[in-house]
Amino acid sequence: MRLLFLWSVIALLCPGPRPRNAAATRTAILEAARERFAAESYDDVGMRDIARDVGVDAALISRYFGSKDDLFLAALDSCGDGSELMSGDKADFGRRVAHEIVFEPKKADKLKGMSIMLRSIGSAKASEMVQTTCTTQFFGPLEDWLSGTDATVRARLLAGFIMGMSISRELGGGTFDIEPAQCEQMRDRLAVILQSLIDG
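The paragraphs below set out a description of the structure included in this document. (Residues numbered from 1 in each chain as written. Predicted model: local features only at pLDDT ≥ 70, side-chain atom pairs only at ≥ 80, totals over all residues. Heavy atoms only, no water.)

**What to know about the overall build of the protein chain**
Part 1: Check the secondary structure of the protein chain and you find 10 helices and zero strands.
Part 2: Counting helices and strands in the order they occur from the N terminus, the protein chain gives α-α-α-α-α-α-α-α-α-α.
Part 3: On C-alpha atoms alone, the protein chain measures out to a radius of gyration of 23 Å, which is more than a quarter above the 16 Å that the 2.2 N^0.38 rule sets for 200 residues.
Part 4: Out of the 200 residues belonging to the protein chain, those deemed buried represent 36%.
Part 5: Taking all contacts inside the protein chain whose residues are at least 6 apart in sequence as the whole, residues at least 24 apart take part in 71%.
Part 6: Of the accessible surface of the protein chain, which amounts to about 12000 Å², a share of 57% is contributed by carbon and sulfur atoms.
Part 7: Of note, the protein chain has its 24 positive side-chain charges centred 7 Å away from the centre of its 28 negative side-chain charges. (Helix = DSSP H or I, 4+ residues; strand = E, 2+ residues; numbered from the N terminus. Rg over C-alpha atoms; globule rule 2.2 N^0.38 Å. Buried < 20%, exposed > 50% of the residue type's maximum accessible area, 1.4 Å probe, protein only. Contact = heavy atoms within 4.5 Å. Areas by Shrake-Rupley, 256 points an atom, 1.4 Å probe, with all protein chains shown as cover. Lys, Arg positive; Asp, Glu negative; His and termini not counted. Charge placed at Lys NZ, Arg CZ, Asp CG, Glu CD.)

What follows is the structure, given as structure tokens:
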């Protein structure tokens, strides 16, 4: 009885290692991967680099995500798929999206996703994964949502305008560095262009 009491006291005073929170660890790995893939080319990022950033063994990353390709795709997917563009009224699309591009601050996830895509250009493997992901998860649904004549062409033009303007703004430090009145003029002109692609 006395021995059992002693073991109980020892267990309380010297607890073993804490169980790892699997969900928190997975989230931390994914966040570290997003940071790495947004800052460096896919080819320059190693699983060990990400593991070191999180403080885990590289084998754990493989257990949670599989291969480096799988982790890259998970990081890209976690930045959003652009589906919010299709959630509003088509009749108000041009004005709504133009205003967001010109005036509203970009969300961190969108900026991260944009950075990952831009960094992937330097890697044949990563750029192919990005292209496939964009086609199945964004362009396909966007074409279906647009419908009508030349939906494929209109979807590509729409994405090109939105991404190009967004990148242009971020290159200026988050602004277009022009007068407020000029920003309003830019928004109004961009709204017409975007809406014309929606209307067909």
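The rest of the description comes next.
**Some details on helix α6 (residues 93-103)**
Part 1: Turning to α6, its buried residues number three or more, namely Phe93, Gly94, Val97, Ala98, Ile101 and Val102. Take α6 and look down its axis: the buried residues cluster within an arc of 130°, on one side only.
Part 2: Where α6 is buried, its residues contact α8 (124-146), α9 (151-171) and α10 (180-199). (Arc of directions from axis to C-beta.)

**As for the pattern of salt bridges**
Part 1: Following the criterion strictly, the structure yields 10 salt bridges and no others.
Part 2: Across the pair aspartate 69 and lysine 125 runs a salt bridge, and its minimum N-O distance is 3.3 Å. Placement of aspartate 69 in helix α5 (residues 68-77) and of lysine 125 in helix α8 is noted, with a sequence separation of 56 residues between them.
Part 3: Relative accessible area serves as the criterion here: at 44%, lysine 125 is assigned to the partly exposed category.
Part 4: Among the ionic contacts, a cluster of salt bridges with common partners joins Arg36, Glu40 and Asp53. (Salt bridge = Lys/Arg side-chain N within 4 Å of Asp/Glu carboxyl O.)

**Describing the state of the cysteines**
Part 1: Taken as a whole, this structure holds zero disulfides when the rule is applied.
Part 2: Cysteine 79 carries a free sulfur, and the closest cysteine sulfur to it, the one in cysteine 134, is 11 Å from it.
Part 3: For cysteine 79, a relative accessible area of 9% puts it in the buried group.
Part 4: Cysteine 134 sits in the buried class, given a relative accessible area of 18%. (Disulfide = S-S within 2.5 Å.)

**Details of a nonpolar patch on the surface**
Part 1: A surface patch of nonpolar side chains, amounting to about 310 Å² of accessible area, comprises Val153, Leu157, Phe161 and Ile193.
Part 2: Sort the elements by how many residues they give to the nonpolar patch and α9 lands first, with three residues.
Part 3: With respect to the helices and strands, the residue phenylalanine 161 is situated in helix α9. (Patch = residues over 30% accessible without salt bridge, like charges linked within 9 Å, V, L, I, M, F, W, Y side chains within 5 Å.)

**Some remarks on the packing of aromatic side chains**
Part 1: Throughout the structure, instances matching the rule amount to five aromatic pairs.
Part 2: With a centroid separation of 5.9 Å and an interplanar angle of 15°, the aromatic rings of phenylalanine 37 and tyrosine 42 are classed as stacked.
Part 3: For phenylalanine 37, a relative accessible area of 1% translates into the label buried.
Part 4: Look at phenylalanine 37 and phenylalanine 72: their rings are 5.0 Å apart centre to centre, the planes differ by 90°, and that puts the pair in the edge-to-face class. Placement of phenylalanine 37 in helix α2 (residues 22-39) and of phenylalanine 72 in helix α5 is noted, with a sequence separation of 35 residues between them.
Part 5: Lying across the ring of tyrosine 64, arginine 63 places its NZ or CZ 5.9 Å from the centre.
Part 6: We note lysine 68 situated over the ring of tyrosine 42; from NZ or CZ to the ring centre the distance is 4.2 Å. (Phe/Tyr/Trp six-rings, centres within 6.5 Å; stacked < 30°, edge-to-face > 60°. Lys NZ or Arg CZ within 6 Å of the ring centre and 35° of its normal.)

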